[in-house]
Amino acid sequence: MEAALLTTRRTFWDMNAYQWSVILAAWLGWGFDIFDSLLMNYVAPNAVPTLLGIPLGTPAAQSATLWWTGVLTSVLLIGWCAGGVIFGKVADRIGRTKTLLLTMMLYAIGTAACSLAPNIWVLVLCRIVSSLGIGGEWAAGAAMVAEVVPEKRRVEAGALLYTASPAGLFLATFVTYQVTGVYFTDAATSWRYVFLFGLIPAAAALVVRLFIKEPERWKAVAKEHRARISELFTPKYRALTISGFCMAVTALITWWSCNAFISVVAKGLAQREWQALTAAGVAALPSMEVMGQEWVKTATNMFNLGGLIATLLTIPAAKGLGRRNMFLVYFAGSAIALMAAFGLDLAPHTRLYMYFPIGLTTYGIFGSFTFYLPELFPTRLRGTGAGFTYNIGRLFAAFGPFLVGSIAASGANALDSAIRVLFWVGAVPILGLLTLPLVIETKGRELED
């Protein structure tokens, strides 16, 4: 069936309708993956104090939110790591499409269950369940796309696949704003309705199962060899594994340390501005909660827009500069953007717009992993290798949000403490530049069977 489809008339970008359907299926899986994973960060300022019984808007609530945002994000990343490693191997064993369906259903149910959490510990448990599916989806989708599209369009297809991430972020921002800022303005309960939207991916998963078949490339080798994680550390694959890991862990630590606190920083800046305007006698101000949600929307939209543009820019960067030089440009830019955004003396509203250059660099580099990591490994080991190198980095990245949240929460002024710590997050991509000699260049290399 698929073989026949692949030989039909080519359409746009040398890809036929079925190949575009595969990209769309993986795109939906990854977009809703990001959507579900980030809802917690957006509702944390209301959900955490409510579950802990702390009055909203108080210094104690802000401090608790910073600490628990770090903890919950770190828990998500650890579960994401486990899910990525486990389901990457599962994808090589039972197939890409089946794994994509299974992981999407898992994270949809886990996220929706957060809406019923009676306390913080049940919320943590629900996040663990959803994180396993969130981590597993990427490896299956990236491997599936790499194996179905034409060799010469692998970079374009991989970058297009990752545009689902900023789309997922846009959707998470829109849903959170509409639910908590428009339709359900009771801050103590509105966050529960936000989590219910996590069920949307379940419907998309069923569509994937109906229309997408297993790649012929995988079926040709699946029964002959069983992938083992230990193979990644054999002399044949060790350098490839190290290359993928170094790039992924640098990007992951930077992105999560920064993104996890966008809502906290934006709301803190909005609260400071609201208090200043109120003291100055400015009339007709929105409520502090509504103003906070508007500032969160502005910051996240800037971050997302920068990420979307730079994700697409990985196509000419990877094809023109090569993979190693592409990483150099993005990591150097990330360090500059972060240190400027959180180190310069900026007006509160101006600082929100600095999330655009952060998105251009810190976020945009992820567009490369959907084609670079699958390029490193042969078909029978592709899900395992890509899943391991991309997701094991989350185990290390999990310390970033925890440390940022813990240090910021210990300061006398939570907002200023968070800004100071985020400035030093800019040192992470600088350290990543030191690992560039370990990067394996894959420009011009065909996918190995």
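Structural data are supplied above this passage.
Now for a quick tour of the structure.

Cut-offs and rules
- Residues numbered from 1 in each chain as written.
- Predicted model: local features only at pLDDT ≥ 70, side-chain atom pairs only at ≥ 80, totals over all residues.
- Heavy atoms only, no water.
- Axes fitted to C-alpha atoms, helices over the stretch in contact; angles between N-to-C directions.
- Helix = DSSP H or I, 4+ residues; strand = E, 2+ residues; numbered from the N terminus.
- Parallel < 35°, antiparallel > 145°, perpendicular 65-115°, else oblique.
- Left-handed = near helix turned anticlockwise from the far one by under 90°.
- Contact = heavy atoms within 4.5 Å.
- Nonpolar A, V, L, I, M, F, W, Y, C, P; charged D, E, K, R; others polar.
- Disulfide = S-S within 2.5 Å.
- Polar contact = N/O pair within 3.5 Å; in protein donor to acceptor, adjacent residues only side chain to side chain.
- Salt bridge = Lys/Arg side-chain N within 4 Å of Asp/Glu carboxyl O.
- Buried < 20%, exposed > 50% of the residue type's maximum accessible area, 1.4 Å probe, protein only.
- Expected span 1.5 Å × (residues − 1).
- Phe/Tyr/Trp six-rings, centres within 6.5 Å; stacked < 30°, edge-to-face > 60°.

Further remarks concern the packing of helix α2 (residues 17–52) against helix α3 (residues 59–94). Interhelical geometry of α2 versus α3 gives an angle of 150 degrees and a closest axis separation of 8 Å. Taken together, the axes of α2 and α3 are roughly antiparallel relative to one another. For the pair α2 and α3, the crossing hand works out as right-handed. When α2 is examined against α3, the residues Trp30, Asp33, Ile34, Ser37, Met40, Asn41, Ala44, Pro45, Val48, Pro49 and Leu52 are found in contact with a partner set consisting of Ala61, Ala64, Thr65, Trp68, Thr69, Leu72, Thr73, Leu76 and Trp80. Considering only residue class, the contact of α2 with α3 consists of 14 nonpolar, 5 polar and 1 charged.

This brings us to the state of the cysteines. Each disulfide consists of a covalent bond between the sulfur atoms of two cysteine residues. Across all of its chains, the model carries 0 disulfides by this definition. Cysteine Cys114 shares no disulfide, and the gap to the nearest cysteine sulfur, in Cys126, comes to 4.7 Å.

To continue, consider the side chain of Glu375. Within the element layout of this structure, Glu375 appears in helix α17 (residues 369–376). At 2.5 Å, the side chain of Glu375 and the side chain of Thr442 are in polar contact.

Tallied over the full model, the rule gives 3 salt bridges. Between Arg153 and Glu156 there is a salt bridge, with its nearest N and O atoms 3.1 Å apart. Judged by relative accessible area, which is 18%, Arg153 ranks as buried. On the basis of relative accessibility, which here comes to 4%, the residue Glu156 falls in the buried class. Between Glu375 and Arg323 there is a salt bridge, with the nearest N and O atoms lying 2.6 Å from each other. Placement of Glu375 in helix α17 and of Arg323 in helix α14 (residues 323–343) is noted, with a sequence separation of 52 residues between them. Across the pair, Arg323 and Glu375 agree in class, each one buried. Within the structure, one salt-bridge network assembled from shared partners comprises Arg153, Glu156 and Lys319.

In this model helix α4 (residues 96–113) runs 26 Å from its N-terminal to its C-terminal C-alpha over 18 residues, within 8% of the 26 Å that 1.5 Å per residue would give. Looking only at α4, the buried set comprises Arg96, Thr97, Thr99, Leu100, Leu101, Thr103, Met104, Tyr107, Ala108, Gly110, Thr111 and Ala112.

What follows deals with the packing of aromatic side chains. How two aromatic rings sit relative to each other is set out by the distance from centre to centre and by the angle between their planes. Taken as a whole, this structure holds 20 aromatic pairs when the rule is applied. A centroid spacing of 5.5 Å and a plane angle of 90 degrees characterise the contact between Phe233 and Phe388, whose relative ring orientation is edge-to-face. Of this pair, Phe233 sits in the loop between α10 (216–222) and α11 (238–259) while Phe388 sits in helix α18 (residues 379–397), and the two are 155 residues apart along the sequence. Relative accessible area serves as the criterion here: at 42%, Phe233 is assigned to the partly exposed category.

A word on α3. Relative to the 52 Å expected for 36 residues at 1.5 Å per residue, α3 spans 50 Å between its end C-alpha atoms, a close match to the ideal helical length. Directly beyond the C-terminal end of α3, a positive phi value near 120 degrees is found at Gly95.

With that out of the way, let us pick up the environment of Gly83. Mapped onto the elements of the fold, Gly83 is located in helix α3. By relative accessible area, Gly83 is classed as buried at 0%. Counting along the chain gives 46 residues from Gly83 to Val129, while the straight-line C-alpha distance between them is 9.4 Å. Other than its neighbours up to four places away in sequence, Gly83 contacts Gly88, Leu132, Gly135 and Gly136.

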